[in-house]
Structures are given as structure tokens and as C-alpha cells.
Amino acid sequence: MLRRSHKKSRAGCLECKRRHVKCDEQRPVCIICTLSERPCSYPPNSQPERPSPPESAYSSPGPSTVSPSTPYNVAAELPIYPSLSTDVNFDHMELLLRFDSRSQYPDTDALINNLADKLHNDAMLQAPYYLLETLALSARRLAHVEPEKSEHYLNYAVTLQTKAVSLYNHVVSTVKIDSVNCVPITQFSSLLGRHLLVDLWARRDADFNVFLHHYLEFIKVQTGIKLITHSAWPELMNSELKDLLFWAGSLHTKATTGHECDALHHLVRNATGLDAPTLEACEKAISSLQIGFDLAQESPPRCFIVFHWSVAAPDLFTELIAQRRPEALVCLAYWGVLCHLVRDLWQVGGAGSYIINSVAQYLGPDWAPFMAYPLSFLT
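Note that the structure is a prediction, hence the values are computed from the model and not measured.

1. Some details on the overall build of the protein
Next, step 1: The number of helices and strands found in the protein is 19 helices and zero strands.
Next, step 2: Looking at the protein as a whole, 52% of its 379 residues qualify as buried.
Next, step 3: With an accessible surface of roughly 17,700 Å², the protein has 56% of that area assigned to carbon and sulfur atoms.

In C-alpha cells:
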């Protein structure tokens, strides 16, 4: 079989070179190795071919730094890797036919479901990496639905996810983001993030520090991918995604009405060692949690914040979680409450209970008064 020519990643990590997959060259650990939990190292004196993304990923999208180009055929641009065969088989057909958009996206509203379905189908036809991640997420759900075949489906989920990320890395490193490809690229960010969140929710690490490590890795991966879509923000505002983005933005900025998080606001305002920008970041993260509680009391209940709080939180707040600041961990337990309220969703399950109990045990009796509210949901 003839192979299409493609730009090789000369500065990629040793593990991606060994596996013949396209490395994104993020350091110290690339996204591919992060997802597959493989050891990642680089050749001595090697330098990345393109700069690593900046630390902050939560600032408002700035103007596009890329110029529009003519529409391209993604399939024609993709390399064929020996270890990444994209041959279609009956297992792939099963995964595609059993992809249930309503169970995969319980956080969307009826008003936008038709638009979301259309954009999803269009992206599958336009971008092979998006199709592969769709199959991967379908396999992840079937691993839950059919526990007797869990190992089979989980293996498919990991394999297809790795293929999807490798093909995505190739596309974003070799083509310009324009008004045509910005839509599937942005949708891929959302779809992959959902898959990674499901994997995070499934963890039951005895050492809570291990869970927190993977929580931060989840945010790091999402950060790197979202920076790419932020560069095409003007194009996105003129695309079919505009209405969906405005809908999501309206929920993130919704005025709060409840008081479930008043104690959290009081906690951070009286915390020591928080400068003004960090305090503001905490207030934003807590207000977002309150929006989640308000939405949970609507009829029918809405779980948008459950799926989006972690990535939308300001990076200064996420840094407090990395530092294991007790105030931030208590906020994480309140997110656990929101997760617990939707524990019947296949994606979430018992994750909320695990997070609440783990934070309570990690902080110990000194923080019991602040953990009383989250723990009350488990009794």
C-alpha cells in the first residue's frame, strides 16, 4: 500500500517515535503519553519544533493568530501509520450505530439538541479524528452498559482514542485553522474532554493525591487543546457553532439565585495568604458551583456545570488545587455534591461520593465543619 507523505515530528518524544504516532511535543510529558499513561522522555538536546502552550488557558479568547485558508480535504492530509490502521470493521459499525447522543450529552437542552446532532454528524463526515473519538466514546459507554464485555470495549476505547489524538495532532500541526475546519477542531476538544472526564470519574484511587494528579493532568490536556481553538475564535463566531457557544456561555454567566455556596464565599474571603487575583479566581469558581446548584433545582434538573466546572475554573484556582489548599479542596467536594446528584448518569456513577469522602479524609477533623454540608448528602 502506498503511504501518503507527511511531515514527521523530528522533536517528538521517544515513546511516540517507537509507536509511530504523531507526537504533539508538549513537555515534559506529551498528550499522547499522558492519555495512555506511558513513560515519556525526549532525546538529549532535542528542542520542540513549535512553542509549548502558555500556562494560562482560562483567559478570554483573543483575536485569531492564523489567517483563513481555502477549505481542505482532511482525509487527503492524513498520514497512514503502520500501527494506526483505519480500516473499518464490524466492531466499528457497532460502535457507530450504538452511539446514543442523548445519553452521551445529558447536559444539553432540548432546544439545542437538533443543532448539536447536526454539528456532530457533520464533524464525523468532515474529520476522521472526530469520527474515531466518537467511536472511542461509544466504546467507553458500552464498557459500562455491558460489564461482561468491559475489557473488550475499554481496549477499543483506548486504542481509538490514541488514533484520534494522533490524527488530530497531525492536522493542527500541518494546516491553518480556518472557517471550515475550526468547527470539527473545536468539537473534538469537547468530545475528547468528555471522554477524559469519564475516565477521571471512574477512578477510585486509595491515595487521593493520585486522583488529584490525574485531575490536574485532565485539565492540562484540555488546556493545550483549547488554546488551539481559542486562536480561531473570530472564525467560530461566524460558524454554525455560534449558537451552541452562546448557549454554553449564557449558562456559565447565569445570575445565581441560591445560597448553597455562601459558606464557601465566606471561607475564601477569610482565608489567609490569598492575593486579590487569586481571591477573585476563587469567587468565580464558587459562583460557577452555585450556578450548578441552581440548575440542579430547575425542572427538569440540568447538569451542565457538572460536566464543565473543572475546565472552566480559572487557572489560579486550579493552582490552589495543585497546592492542596484546603479551601480549594472543599470547593472540589461541593463539585462532588453536584456529581452525586446525577449519580444515575452512566458517566458519573459513584464519583461524587468518592470525591466527597476522599476530601473529608484528606483534610481531617480540623475541616469537619466545612465538610458537613457535602457529607450530609451521603447520609
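2. Some points on the environment of Leu111
Next, step 1: Residue position: Leu111 is located in helix H6 (residues 110-126).
Next, step 2: Among the residues examined, Leu111 registers a relative accessible area of 84% and is labelled exposed.
Next, step 3: Counting along the chain gives 136 residues from Leu111 to Trp247, while the straight-line C-alpha distance between them is 9.9 Å.

3. Structural notes on the side chain of Glu133
Next, step 1: Structurally, Glu133 is set in helix H7 (residues 128-145).
Next, step 2: This buried residue, Glu133, is left without a salt bridge; Arg194 holds the nearest opposite charge, at 9.0 Å.
Next, step 3: Within polar-contact distance, the side chain of Glu133 engages the side chain of His195 at 2.8 Å.

4. Quick notes on helix H13 (residues 262-269)
Next, step 1: Along H13, the positions that sit buried rather than exposed are Leu264, His265, Leu267 and Val268. Buried residues along H13 cover an arc of 160° about the axis, so they all sit on one side. The exposed residues of H13 that point more than 90 degrees off its buried face are His266 and Arg269.
Next, step 2: Contact partners of the buried residues in H13: helix H14 (276-296), helix H17 (326-341) and helix H19 (368-376).

5. With respect to the pattern of salt bridges
Next, step 1: The final tally for this structure, using the stated rule, is 16 salt bridges.
Next, step 2: The closest approach of N and O atoms between Asp117 and Arg102, which form a salt bridge, is 3.1 Å. Remark: Arg102 occurs in helix H5 (residues 101-104) and Asp117 occurs in helix H6; sequence separation between them is 15 residues.
Next, step 3: Residue class for Asp117 comes out partly exposed when judged on its relative accessible area of 22%.
Next, step 4: Between Lys284 and Glu280 there is a salt bridge, and its shortest N-O distance comes to 3.7 Å. Highlighted residues: Lys284 and Glu280, both in helix H14, separated by four residues, approximately one helical turn.
Next, step 5: Taken together, the salt bridges that share partners define one network made up of Asp109, Lys254, Glu298 and Arg302.

6. Some details on the packing of aromatic side chains
Next, step 1: The final tally for this structure, using the stated rule, is 18 aromatic pairs.
Next, step 2: Relative to Phe307, the ring of Trp201 has its centre 5.3 Å away and its plane inclined at 85°; by these criteria the two rings are edge-to-face. Taken together, the residues Trp201 in helix H9 (residues 182-201) and Phe307 in helix H15 (residues 304-312) connect sequence positions 106 residues apart. Each member of the pair Trp201 and Phe307 is classed as buried.
Next, step 3: The rings of Trp201, Tyr215, Phe307, Trp309, Phe317 and Trp335 are connected pair by pair, giving a single aromatic cluster.

7. Observations concerning unusual backbone geometry
Next, step 1: Omega for the peptide link from Ser299 to Pro300 comes to 0°, which places this bond in the cis form.
Next, step 2: You can see Pro300 is positioned in the loop between H14 and H15.
Next, step 3: Here the phi dihedral of Arg324 falls at roughly 65°; this positive angle occurs in a residue that is not glycine.
Next, step 4: Within the secondary structure, Arg324 is located in the loop between helix H16 (315-322) and H17.
Next, step 5: Relative accessible area serves as the criterion here: at 21%, Arg324 is assigned to the partly exposed category.

8. Focus: the environment of Arg98
Next, step 1: As for its position among the elements, Arg98 is in the loop between helix H4 (90-97) and H5.
Next, step 2: On the basis of relative accessible area, Arg98 is assigned to the partly exposed category, the value being 28%.
Next, step 3: In the structure, Arg98 is positioned 44 residues away from Leu142 in sequence and 8.4 Å away in space, judged by C-alpha atoms.
Next, step 4: In contact with Arg98, not counting residues within four places along its chain, are Ser138, Arg141, Leu142, Glu146 and Tyr153.

The rules we used
Residues numbered from 1 in each chain as written. Predicted model: local features only at pLDDT ≥ 70, side-chain atom pairs only at ≥ 80, totals over all residues. Heavy atoms only, no water. Helix = DSSP H or I, 4+ residues; strand = E, 2+ residues; numbered from the N terminus. Buried < 20%, exposed > 50% of the residue type's maximum accessible area, 1.4 Å probe, protein only. Areas by Shrake-Rupley, 256 points an atom, 1.4 Å probe, with all protein chains shown as cover. Lys, Arg positive; Asp, Glu negative; His and termini not counted. Salt bridge = Lys/Arg side-chain N within 4 Å of Asp/Glu carboxyl O. Polar contact = N/O pair within 3.5 Å; in protein donor to acceptor, adjacent residues only side chain to side chain. Arc of directions from axis to C-beta. Contact = heavy atoms within 4.5 Å. Phe/Tyr/Trp six-rings, centres within 6.5 Å; stacked < 30°, edge-to-face > 60°.

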